Amino acid sequence: MAGYQFNDIEKKWQQYWEENEAFKASLDTTKPKYYSLDMFPYPSGAGLHVGHPLGYIASDIISRYKRINGFNVLHPMGFDAFGLPAEQYAIQTGQHPAITTEQNIKRYKEQLKNIGFSFDWEKQVETCDPNYYKWTQWIFSKLFDSWYNYDTAKAEHIDSLIAVFKKSGNTSVNAECGEEVIDFSAEDWKVFDEKQQSDILLQYRLTYLAETSVNWCPELGTVLSNDEVKDGFSERGGYPVIRKNMMQWSMRITAYAERLLEGLERIDWPEPLRDMQRNWIGKSIGAEVTFKAGEVDIPVFTTRLDTIYGVTYLAVAPESDFVDQLTTSDQKEVVKEYVAVAKNRSERDRMSDVKNISGVFLGSYAEHPFTGEQVQVWVADYVLSGYGTGAVMAVPSGDQRDYDFAKHFDLPIIPVYDNQNIKEQADPRKDGKLINSGILNGFTYSEAIKKATDYIEEKNIGTAKINYRIRDAIFARQRYWGEPVPIYFDNGIPKLVDSNDLPVVLPEVDKYLPTEDGDPPLGRAEDFTYTPSGSTESYPLELSTMPGWAGSSWYWFRYMEANNDNEFVSKDAQEYWQAVDLYIGGSEHATGHLLYSRFWCKFLYDMGLVQEDEPFKKLINQGMIQGRSNFVYRINGTNTFVSHNLRKEHKCTRMHVDVNIVYNDELDLNAFKVWRPDLKDSEFILEDGKYHCGVEVEKMSKSKYNVVSPDDIVSKYGADTLRLYEMFLGPLEQFKPWNTNGIDGVYKFLRKMWNLFHDDNELLNISEEKATKEELKSIHKTIKKVQEDIERYSFNTPVSAFMICVNELTTLKCNKREVLEPLTMIVSPYAPHIAEELWKLLGHEGGVTNADFPSFDEAYLKEDAHEYPISINGKMRVKIKFPFDMPKSEIEKEVLESEAVQKWTEGKTPKKVIIIPNKIVNIVV
RNA sequence: GCCGGGAUGGUGGAAUUGGUAGACACGUCAGACUUAAAAUCUGAUGACCUUUGGUCGUGCGGGUUCAAUUCCCGCUCCUGGUACCA
């Protein structure tokens, strides 16, 4: 018996690593640091599937590679443990989500350890641990205590703002703030009572409480942030979402819009991902200009001030205050009706009904600020209340929506460019000269923009302005399983829990549902109050909890020192580890986690708490591993299932079937009958004696029965095979369906490599002889290739290089230490267990982890001769060998004189001969 | 609609700076070993043809170049994001 016994080997080395703390990252300043991070998983009840480890394997390869290249590597893992599934499960079963979560974490950890990752488990974090969320609450407090000063372009402590208010009121303050701020003087400030002062400050704080229009999900009983809503449905669970006005905690991420945009230029992230963030932030450069409608000022935002003379009407959003202010009495009824209908439509309806043009004339007119003409003011639901000013100037000649609206309601359309073609549709071109445009006539686009902007600023009716699409992030959920917000209420005034009293621990409740009064579940807790030190009175605490992204917005700092009780991270640790060097994870977090993390990091940077304002220097998106679902076809109303190709002969319904009882798309009939009790008496209509299943590639999920667990692969082939195979599957970034078609090839490679170290009798058989030139060439070629590929984050191509090398060495029957040692080392990041075993067989103590990546010698790669492909008129014809580094002139001479070339050129003198040394010779006849 | 990404044999994929397209692996076929099977090993394997040779071939149509999977222009299809964002 024996051969490659992966089971014994893997267990043995996993234990060895653990006992020797092989991957402990200490603060060793004598070595350069490398921080490689994975997006930590949410520990779901289904356990890991084969898609999870994909990114982890890649980052593990980099981590192990960096270690044997002399780096001190921080490679941690933890759990994003607050979340809805555990809470939904708690609601159904009454089991405390902490228990469920703990069980799931235990299982995840076991599975991860089986794959042999080089995580430093001592630094594990769990976001639901009070020792962790104490610091999440602490950062919340810091945000609450801060405002954003545009003059200094950074966040500052709220005290500096209060000092300004005391001295000179708020008129000179250039800050990001809410919309309801009114101007006040220093004297006003002094006479405001505590509540009034608090309300004003809330308009400036970076976390604030305000009445906002939120995404409310009735099924989940909570609000959701924009990135948690997809197409009008909740991302988790897929329940409908409606708009609703509510008093809510929010984060003033809009203050950082410009810096979040600017920072994207400085980080090495995939371009598509940066584009997504740019779109999400949605910067528009334009101008705000005011139209006067009697007493009412209507400011509008536009990116096309050049087309101002093309304005033929104004449109306002149904929700905006302008509707009430500008509706004349004779239009009152129709407007009221229209607004009621528009407001009652759900987001979903409004989205799906884009083509229907609707609107009502308010009865009022506004004065055009350039021409003085009167233009009609309409209410229309294509105007959004949440963007810009809730009112737009309509230029039907240049904007398709305005054009459609004008056509529909027979409003005038005025072209403003000499080359505009507006017969069929709006023409947004801006490369002509302006016409019909008063003072702008004859100008080009950019000249007109400048001229018009100068004009409105001079006349004091508007100003150049930049608008952002990004909204402040709602920072509260009416749920139980999240971080409590460290705020208490003193007579309705929100105040911070003293930092010495953190954490505010999540209280016990009898049920995980809202109270009868509609308060969040924390309202069920007994005595959920706070008594400030020195006070005898206790105050009610905030009942909302933080959203899922709170804990993940700073966790990479905590890994540096997961057990620090005094600080969120110490200065020393933070200054050494700095930013994450490599971050691997899915692109689904583009506009959520990855944006919020950058926001928090920049804030912590402003506070002087961290050194780097961008958290993740290099980021790679791993592609999803999709599931390959199998289907059976049940004839309606029967217990009979028909094979895939015969299904059209019957009326049948498609049903997902567990992929684990299907082999090569052929159903295991007996396994099927015992799969579920109701299938016990199933009958089958077969083709060729077999039941063929239908196939489709979909996202891996429990409900589709297409989940493949890495455990099965590990027990059948071993962890090293799984690791190699997941990399061999294709480029890391690519989406690909899971299949095990090629796994044998990878497994075979490992056995072949094992056999290089063993003769027929399974004995260690290492030769101390000097290696031949051929053998050295093979190994050095491989070292070079693997090194170059890993350095450019290509994880799949080195596997092929390994296979070629082992094949060559097997053919050469090479068993020499001089060759096997470097081979073992370079394979170790990919297949660490077998590498450790072989390393030991080679007589080394201490593990391959402590070895040095072998250097390659260019000399072995030099060829004695290069075989030049000779092309004649662009076609490859013959190959001729010439010595390495032979001068061009000699090559040319010999090539032209050669018989083979003579045959093709038919003796003619070539027009041109192009020679690329050591590559190719091209002859043009 | 707008902004991205992609398309290469029967299959997954390789080709890093424009330089021998199809590496490596799977699958298939043939052979060796075996009583047999498994395992292992060897060879063949893009298509086509008049087969010691030749033609075509990287989604489609053009272009640049001695030379294009690679660069440029115009399409088709798949896919991700986003959407009355003024």
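Note that this is a predicted model, so its numbers are computed, not measured. (Residues numbered from 1 in each chain as written. Chains lettered and ligands numbered in written order. Predicted model: local features only at pLDDT ≥ 70, side-chain atom pairs only at ≥ 80, totals over all residues. Heavy atoms only, no water.)

Draft legend 1. Focus on the overall build of chain A. The helix and strand tally for chain A stands at 29 helices and 35 strands. Projected onto the principal axes, the alpha-carbon positions of chain A cover approximately 100 × 85 × 75 Å. Taking all 925 residues of chain A together, the buried fraction comes to 53%. When contacts within chain A are restricted to residue pairs at least 6 apart in sequence, those whose partners lie at least 24 apart make up 71%. In the form shown here, chain A has an accessible surface area of approximately 42,700 Å², with 48% of it arising from carbon and sulfur atoms. Computed over 105 positive and 141 negative side-chain charges, the inter-centroid distance for chain A is 6 Å. (Helix = DSSP H or I, 4+ residues; strand = E, 2+ residues; numbered from the N terminus. Buried < 20%, exposed > 50% of the residue type's maximum accessible area, 1.4 Å probe, protein only. Contact = heavy atoms within 4.5 Å. Areas by Shrake-Rupley, 256 points an atom, 1.4 Å probe, with all protein chains shown as cover. Lys, Arg positive; Asp, Glu negative; His and termini not counted. Charge placed at Lys NZ, Arg CZ, Asp CG, Glu CD.)

Draft legend 2. Representation of the sheet that holds strand β22 (residues 582–585) in the model. As summarised here, the arrangement of the 4 strands in space is β2-β1-β22-β23, forming an open sheet in which the pairing is parallel. Two strands bound the open sheet, and with one partner strand each, they are β2 (72–74) and β23 (619–621). Taking each pair of neighbouring strands and ignoring which way they run, the sheet shows an average axis angle of 15°. (Pairing = 2+ DSSP bridges. Axes fitted to C-alpha atoms, helices over the stretch in contact; angles between N-to-C directions.)

Draft legend 3. Expanded view of the protein's contact with RNA strand B. Neighbouring RNA strand B are 49 residues, the closest being Thr 303, Gln 734, Arg 751, Lys 785 and Asn 922. Backbone sugar and phosphate groups make up 58% of those atoms of RNA strand B lying within 4 Å of the protein. The separation between a base nitrogen of RNA strand B and a polar side-chain atom of Asp 381 is 3.2 Å. Here a phosphate oxygen of RNA strand B sits 2.5 Å away from a polar atom, N or O, in the side chain of Arg 751. The set of elements that each furnish at least two residues to the surface near RNA strand B consists of α10 (271–281), β11 (296–302), α22 (743–755), α23 (773–791), α24 (797–811), β33 (875–883), β34 (912–916) and β35 (920–924). Broken down by element, the residue count for the surface near RNA strand B peaks at 5 residues, all from α24. By residue class, the composition of the surface near RNA strand B is 21 nonpolar, 13 polar and 15 charged. (Near = heavy atom within 4 Å. Polar contact = N/O pair within 3.5 Å; in protein donor to acceptor, adjacent residues only side chain to side chain. Nonpolar A, V, L, I, M, F, W, Y, C, P; charged D, E, K, R; others polar.)

Draft legend 4. Layout of the environment of Leu 669. Within the fold, Leu 669 resides in helix α19 (residues 669–675). As for Leu 669 and Asn 467, which are separated by 202 residues in sequence, their C-alpha atoms are 62 Å apart.

Draft legend 5. Representation of the nonpolar core in the model. Ranked by size, the top nonpolar core spans 178 residues in total, and within it Phe 557 and Met 727 carry the most contacts. Here Met 727 is in contact with Leu 54, Ile 57, Ala 58, Ile 61, Leu 732, Phe 795, Asn 796, Val 799 and Tyr 830, once residues within four sequence places are set aside. (Core = buried A, V, L, I, M, F, W, Y, C linked by side-chain atoms within 4.5 Å.)

Draft legend 6. Spatial organisation of the packing of α23 against helix α25 (residues 817–827). For the pair α23 and α25, interaxial distance at closest approach is 10 Å and the crossing angle is 15°. By the angle between their axes, α23 is roughly parallel relative to α25. The handedness of the crossing between α23 and α25 is left-handed. Between α23, through Glu 775, Leu 776, Ile 779, Thr 782, Ile 783 and Val 786, and α25, the contact on the second element is made entirely by Glu 818, Val 819, Pro 822, Leu 823 and Ile 826. (Parallel < 35°, antiparallel > 145°, perpendicular 65-115°, else oblique. Left-handed = near helix turned anticlockwise from the far one by under 90°.)

Draft legend 7. Layout of the sheet that holds strand β5 (residues 207–217). Read across the open sheet, the 4 strands follow the order β6-β5-β9-β17; overall the sheet is antiparallel. At either end of the open sheet lies a strand with only one pairing partner, and these are β6 (222–224) and β17 (473–474). Two elements, β5 and β6, share 3 bridges in a ladder whose sense is antiparallel. Paired with Cys 217 across the bridge in β6 is Thr 222. On top of the sheet, helix α5 (residues 130–144) reaches β5 and β9 (242–251); it is set at about 90° to β9, its chief contact.

Draft legend 8. Region of interest: α5. Taking 1.5 Å per residue as the helical rise, α5 with its 15 residues ought to reach 21 Å, and the 20 Å between its terminal C-alpha atoms agrees with that figure. By the burial criterion, the buried members of α5 are Tyr 132, Tyr 133, Lys 134, Trp 135, Thr 136, Gln 137, Trp 138, Ile 139, Phe 140, Ser 141, Leu 143 and Phe 144. For α5, the N-terminal capping position is held by Asp 129, with its side-chain oxygen 2.9 Å away from the main-chain nitrogen of Asn 131. (Expected span 1.5 Å × (residues − 1).)

Draft legend 9. Local environment of the state of the cysteines. Evaluation of the coordinates by the stated rule reveals 0 disulfides. With no disulfide of its own, Cys 693 lies closest to Cys 652 among cysteine sulfurs, the gap being 13 Å. For Cys 693, a relative accessible area of 5% puts it in the buried group. (Disulfide = S-S within 2.5 Å.)

Draft legend 10. Main features of the packing of aromatic side chains. Per the stated rule, a full pass over the model turns up 67 aromatic pairs. Judged by centre distance (5.7 Å) and plane angle (25°), the ring pair of Phe 184 and Trp 189 falls under stacked. For the pair Phe 184 and Trp 189, one class covers both residues: buried. Measuring from ring centre to ring centre gives 4.9 Å for Trp 556 and Phe 616, while their planes differ by 65°; the resulting arrangement is edge-to-face. A residue pair is termed long-range when its members are at least 10 positions apart, and Trp 556 in helix α16 (residues 555–558) and Phe 616 in the loop between α18 (593–606) and β23 qualify at 60 residues. Accessibility expressed as a relative area gives 0% for Trp 556, which makes it buried. (Phe/Tyr/Trp six-rings, centres within 6.5 Å; stacked < 30°, edge-to-face > 60°.)

Draft legend 11. Quick look at the pattern of salt bridges. A complete count under the given rule lists 45 salt bridges for this structure. Arg 205 is paired through a salt bridge with Asp 145; the nearest N and O atoms lie 3.7 Å apart. With Arg 205 in the loop between α8 (194–202) and β5 and Asp 145 in the loop between α5 and β3 (146–149), the pair connects residues that are 60 residues apart, well separated along the chain. When its relative accessible area of 24% is taken as the criterion, Asp 145 is described as partly exposed. (Salt bridge = Lys/Arg side-chain N within 4 Å of Asp/Glu carboxyl O.)

Draft legend 12. Structural context of the confidence of the model for chain A. Considering every residue of chain A, the mean pLDDT works out to 90; 98% of them sit at 70 or more. Note on the complex model: pTM 0.93, ipTM 0.94. (pLDDT = per-residue confidence, 0-100.)

Draft legend 13. Region of interest: the pairing of strand β13 (residues 359–367). Where burial is concerned, most of β13 is hidden: 7 out of the 9 residues are buried. Note that β13 and strand β14 (residues 374–380) share 6 bridges and pair antiparallel. Its bridge partner lying in β14, Ala 366 is registered against Val 375. Hairpin geometry of β13 and β14 is characterised by an intervening segment of 6 residues between the two adjacent antiparallel strands and by a positive phi of about 80° at Gly 372.

Draft legend 14. View of unusual backbone geometry. In this structure, the amide linkage connecting Leu 502 to the following residue, Pro 503, adopts the cis form with an omega of 0°. The residue Pro 503 is located in the loop between β19 (493–496) and β20 (529–530) in this model. Residues other than glycine seldom take positive phi values, yet Tyr 705 does so here, at roughly 55°. Summarising the element assignment, Tyr 705 is placed in the loop between β30 (694–698) and α20 (710–717).

Draft legend 15. A look at the packing of helix α1 (residues 6–19) against helix α26 (residues 832–841). Interaxial distance between α1 and α26 falls to 9 Å at its minimum, and their mutual angle equals 85°. The angle between α1 and α26 places the two elements in the roughly perpendicular class. Between α1 and α26, the contacting residues are Ile 9, Glu 10, Lys 12, Trp 13, Gln 14 and Trp 17 on the first element and Pro 832, His 833, Ile 834, Glu 836, Glu 837 and Lys 840 on the second. Considering only residue class, the contact of α1 with α26 consists of 5 nonpolar, 2 polar and 5 charged.

Draft legend 16. Representation of the side chain of Gln 420 in the model. Looking at the secondary structure, you find Gln 420 in the loop between α14 (400–409) and α15 (445–458). Its relative accessible area of 13% is what places Gln 420 among the buried residues. In this structure the side chain of Gln 420 is engaged in a polar contact, spanning 3.3 Å, whose partner is the backbone oxygen of Ser 397. Engagement of the side chain of Gln 420 in a polar contact is seen with the backbone nitrogen of Tyr 417, the distance being 3.0 Å. Beyond its immediate sequence surroundings of up to four residues, Gln 420 is in contact with Ser 397, Gly 398, Pro 415, Asp 427 and Arg 429.

Draft legend 17. Structural context of α23. For α23, spanning 19 residues, the distance from its first C-alpha to its last is 27 Å, which sits close to the expected 27 Å at 1.5 Å a residue. The complete set of buried residues in α23 reads Glu 775, Leu 776, Ser 778, Ile 779, His 780, Thr 782, Ile 783, Val 786, Asp 789 and Ile 790. Where α23 is buried, its residues contact α2 (52–67), α24, α25 and α27 (858–861). In the segment just after α23, Tyr 793 is the residue with positive phi, at about 60°.

Draft legend 18. How the structure looks around the side chain of Gln 14. As for its placement among the helices and strands, Gln 14 is situated in helix α1. Take Gln 14: its relative accessible area is 16%, and that puts it in the buried class. A polar contact is formed between the side chain of Gln 14 and the backbone oxygen of Asn 114, at a distance of 3.2 Å. Aside from chain neighbours lying at most four places away, what touches Gln 14 is Lys 113, Asn 114, Ile 115, Gly 116 and His 833.

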